[in-house]
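The lines below spell out each chain.
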Amino acid sequence: MTVLVVGSVALDSVETPFGRADDVIGGSATFFSAAASHLTKVQLVGVVGDDYPLDRLDALASRGVDLAGLERADGESFRWRGRYRHDLNSAETLETRLGVFSHFRPKIPEAFRRAPFVFLANIDPRLQLEVLRQVDRPKLVACDTMNFWIESRRSDLLTLLEQVDLVTLNDAEARQLTESANLVKAARWILDRGPTHVIIKKGEHGAFMFTRDSVFFAPAYPLEDVFDPTGAGDSFAGGFIGYLARTGDVSEASMRRAVIFGSAMGSFAVERFSIGRLTEIGMDDITNRVRAFHRLVSFEAELPP
Ligand code: AMP
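Keep in mind that what you see is a predicted model, and the values were worked out from it rather than measured. (Residues numbered from 1 in each chain as written. Predicted model: local features only at pLDDT ≥ 70, side-chain atom pairs only at ≥ 80, totals over all residues. Heavy atoms only, no water.)

1. Some thoughts on the site of the ligand
- Within the structure, the ligand sits among 17 residues, and Ser 8, Asp 12, Gly 27, Gly 231 and Asp 234 are positioned closest to it.
- Here Asn 122 contributes a backbone N or O atom positioned 3.4 Å from a nitrogen atom of the ligand.
- A distance of 3.1 Å is found between an oxygen atom of the ligand and a backbone nitrogen or oxygen belonging to Gly 233.
- Calculation on the ligand without its partners gives an accessible area of 510 Å², and the protein chains cover 89% of this total.
- Going through the elements one at a time, β2 (10-16), β6 (78-83), α4 (147-152) and α8 (232-247) are the ones with two or more residues in the shell around the ligand.
- With three residues, the single largest contributor to the shell around the ligand is α8.
- Per-class residue counts for the shell around the ligand are eight nonpolar, seven polar and two charged. (Near = heavy atom within 4 Å. Polar contact = N/O pair within 3.5 Å; in protein donor to acceptor, adjacent residues only side chain to side chain. Areas by Shrake-Rupley, 256 points an atom, 1.4 Å probe, with all protein chains shown as cover. Helix = DSSP H or I, 4+ residues; strand = E, 2+ residues; numbered from the N terminus. Nonpolar A, V, L, I, M, F, W, Y, C, P; charged D, E, K, R; others polar.)

In structure tokens:
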């Protein structure tokens, strides 16, 4: 089954303790597509400026990502500049330049409107809402967001929550959105607004998936070399939704397996700058990492009957 993703297609400049990269390809929709395209067909909607090196997206096109919905507009591309210090869990945004995103109105191509899975990647919640008005009753709609939009578009974001099935966000964003320090309470607050599932990512400390009556936890893969955390969250979402779309199964058991596929894709994303690692791996690498996750958490319980 196909996944439609709408989000940012960016040029990122990133500093980590291990090096820096300038104007490399990034963006929420880009990382999502690089991860999800290993598992299913992806249709991307977004915008770039006339300065964007489109040939650098060939790696996505050659993986079958349909770029027919990627508009090229006059002006500067979206740019994000960020820094990670030794705590690789939190990005410090140094600059966000919306460029062509500030006038962007997403137009979902006719051929994309019936995608059964829709991921509203991190962009202006007003644009995320516009996308929902154009799609034809998807099987599952998920969304992501970040501090930038929680601060500047809070009421649109709250309207959006009423219209999605699943939300992914990191722990700091969950606390900021819900004004609750406790993540279990934060998840409950979000579930009370409409979504049936909330995934709270905690970087190198793993991810929780909450429903009204269950909690599932997956650790992050303990990597020895984390190079650049940018895009881990979007790659998680790509692995998660990609797995659901590949199997067409949205049962609880499948959702739990999807969290592990998401965690696996997030762990690849951080091994290089940009989408470097995500475009060189194959299905064997993914299967091996999922297997490693299985070993990581399995134990034989000796409990009284
Ligand atoms: P993450 O998966 O959370 O690390 O997301 C990283 C990506 O988010 C980067 O490639 C950025 O280009 C993109 N990004 C940063 N700020 C924004 C924003 N305000 N809106 C949309 N995308 C953004």
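2. Quick word on the packing of helix α3 (residues 125-132) against helix α5 (residues 154-161)
- Running from N to C, α3 and α5 cross one another at 30°; their axes reach a closest spacing of 8 Å. With respect to α5, the element α3 is oriented roughly parallel. As α3 packs across α5, the resulting crossing turns out to be left-handed. Packed against α3, whose contacting residues are Pro 125, Arg 126, Gln 128, Leu 129 and Leu 132, the element α5 presents Asp 156, Leu 157, Thr 159 and Leu 160 at the interface.
- Taken together, the residues that form the contact of α3 with α5 break down as five nonpolar, two polar and two charged. (Axes fitted to C-alpha atoms, helices over the stretch in contact; angles between N-to-C directions. Parallel < 35°, antiparallel > 145°, perpendicular 65-115°, else oblique. Left-handed = near helix turned anticlockwise from the far one by under 90°. Contact = heavy atoms within 4.5 Å.)

3. Some remarks on the sheet that holds strand β5 (residues 66-72)
- Taken in spatial order, the nine strands of this open sheet run β5-β4-β1-β8-β9-β10-β11-β12-β13, and their pairing is mixed. Two strands lie at the open edges of the sheet, namely β5 and β13 (215-218), each paired on one side alone. In this sheet, neighbouring strand axes are inclined to one another by 15° on average, regardless of whether the strands run parallel or antiparallel.
- Where strand β10 (residues 166-170) lies against strand β11 (residues 197-201), five bridges are found, and the strand directions are parallel. Looking at the pairing, Leu 169 lines up with Ile 200 of β11.
- Where helix α1 (residues 28-36) meets the sheet, its contacts fall on β1 (3-6), β4 (42-48) and β8 (117-120), and the angle it forms with β1 comes to roughly 160°.
- This element, α8, spans β1, β8, β9 (140-144), β10, β11 and β12 (207-210) of the sheet and lies at about 170° to β8. (Pairing = 2+ DSSP bridges.)

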